[in-house]
Amino acid sequence: MTALRHRSATAIALVAAGILIAGGQNAHAEPPSHDPAPHQQWSFDGPLGNFDLASVQRGYTVYAEICSTCHGMQHVHFGDLAGTGLTAAQAQAIAASHKIPDGIGSDGKPALRAATADDAFPTPPVAQGLIPGAVIPPDQSRLAEVYPGGPDRIYALLTGYGPPPPGVTPPPGLFYNRFAQARAIAMPPPLSDDAVEYPDGTKATTEQEARDVTTFLAWVAQPHLAERHRTGVRVMIYLVFLGVLLFVLKRRLWSNVY
Ligand code: HEC
């Protein structure tokens, strides 16, 4: 009898210990799958934010010379570049320097033509899934909006490559990056010092390139941000004015009522 009681007491103790251990494991949250991206100061931050168009233009240089090899922007048109401060003629010239598919030629082969301002940016073969076995790079038209962590994390990701800590080996074909999901990514480090030459003479460090291309991606994702902010400010001024007017009116109307 005592032996039995002893055994059931042991069983209860074991179950309790099990629950405690399981609970303890739950209480220890999983280590986060990537480092949190530090917050950056962006020209387009906050309710009065406005895009630094010089940075947007430099960012376009980085996109055009580096990112566009792998990433498309199917919702952005060459003509949209006029909004970065380029003239319509400059945007047209950039468009014309790109060849895009144009049906089947008279020789029966796929034909190409020069793009115009009305054409969308082409999607490179790898982003169309045409390279067997290659991981598909996401379209960049809205990436700054839809990528978890937004511009801060894009900047962190672009500058976050480096040797893995001791004992960590990224899976084959992936690169260690402490800001990528599970700290490994299929994209090889796209930026390096002097990877581009800026027409405005700005020194092209990796950080500068990352900052500019991130600003560019934020701009393509919401080209009307500045306009919306201006409208917002006008609406606020109008509402404050209306509020003051109504207050004065109310005082007048009720001034002789006790
Ligand atoms: C050599 C091809 C290549 C180039 C060049 C390239 N990328 Fe990528 N990029 C990829 C691939 C492939 C992925 C998908 C990675 C994955 O899912 O592991 C990717 C993913 C990304 C992501 C999303 C990351 C994620 O965690 O899903 C961002 C942001 C990005 N690229 C930005 C850029 C920018 C900005 C440039 C230009 C500076 C650039 N890439 C240049 C191939 C490339």
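Cut-offs and rules
Residues numbered from 1 in each chain as written. Predicted model: local features only at pLDDT ≥ 70, side-chain atom pairs only at ≥ 80, totals over all residues. Heavy atoms only, no water. Patch = residues over 30% accessible without salt bridge, like charges linked within 9 Å, V, L, I, M, F, W, Y side chains within 5 Å. Areas by Shrake-Rupley, 256 points an atom, 1.4 Å probe, with all protein chains shown as cover. Salt bridge = Lys/Arg side-chain N within 4 Å of Asp/Glu carboxyl O. Helix = DSSP H or I, 4+ residues; strand = E, 2+ residues; numbered from the N terminus. Buried < 20%, exposed > 50% of the residue type's maximum accessible area, 1.4 Å probe, protein only. UniProt positions renumbered as here; feature names shortened; annotations may be inferred. Contact = heavy atoms within 4.5 Å. Donors = N, O, S within 2.8 Å, 3.2 Å for Na, K, Ca; no water. Tetrahedral: all angles 85-135°; square planar, octahedral: opposite > 155°, others 65-115°.

Overview of a nonpolar patch on the surface
Here's step 1: A cluster of nonpolar side chains, contributed by Val235, Met236, Tyr238, Leu239, Phe241, Leu242, Leu245, Leu246, Leu249, Leu253, Trp254 and Val257, occupies part of the molecular surface with about 1300 Å² of accessible area.
Here's step 2: Checked against the element boundaries, Trp254 lands in the segment after helix 7 (225-253).
Here's step 3: Residue class for Trp254 comes out exposed when judged on its relative accessible area of 56%.

Describing the environment of Gly162
Here's step 1: Tracing the backbone through its elements, the reader meets Gly162 in the loop between helix 5 (150-159) and strand 3 (175-176).
Here's step 2: Sequence separation of Gly162 and Asn177 is 15 residues, and the distance between their C-alpha atoms is 6.6 Å.

Structural notes on the UniProt feature "transmembrane region" (unreviewed entry) in the protein
Here's step 1: Sequence positions flagged by UniProt for "transmembrane region" (unreviewed entry) are, in local numbering, residues 231-249.
Here's step 2: For residues 231-249, the helix share is 100%, the strand share is 0%, and the end-to-end C-alpha distance is 27 Å.

Details of helix 5
Here's step 1: The buried count for helix 5 comes to nine of ten residues, which makes it a mostly enclosed element.
Here's step 2: Inspection of helix 5 places Gly150, Pro151, Asp152, Arg153, Ile154, Tyr155, Ala156, Leu157 and Leu158 among the buried residues, and these make up the whole buried set.
Here's step 3: Contacts made by the buried residues of helix 5 are with helix 4 (143-146), strand 4 (184-185) and helix 6 (206-221).

Observations concerning the coordination of the iron atom of the ligand
Here's step 1: Here the iron atom of the ligand is held by the protein donor atoms His71 (NE2) and Met187 (SD), which lie 2.0 to 2.1 Å from it.
Here's step 2: Around the iron atom of the ligand, the six donor atoms sit at angles spanning 85 to 179 degrees, and that spread fits a shape best called octahedral. Placement of His71 in the loop between helix 2 (53-65) and helix 3 (88-96) and of Met187 in the loop between strand 4 and helix 6 is noted, with a sequence separation of 116 residues between them.
Here's step 3: On the basis of relative accessibility, which here comes to 8%, the residue His71 falls in the buried class.

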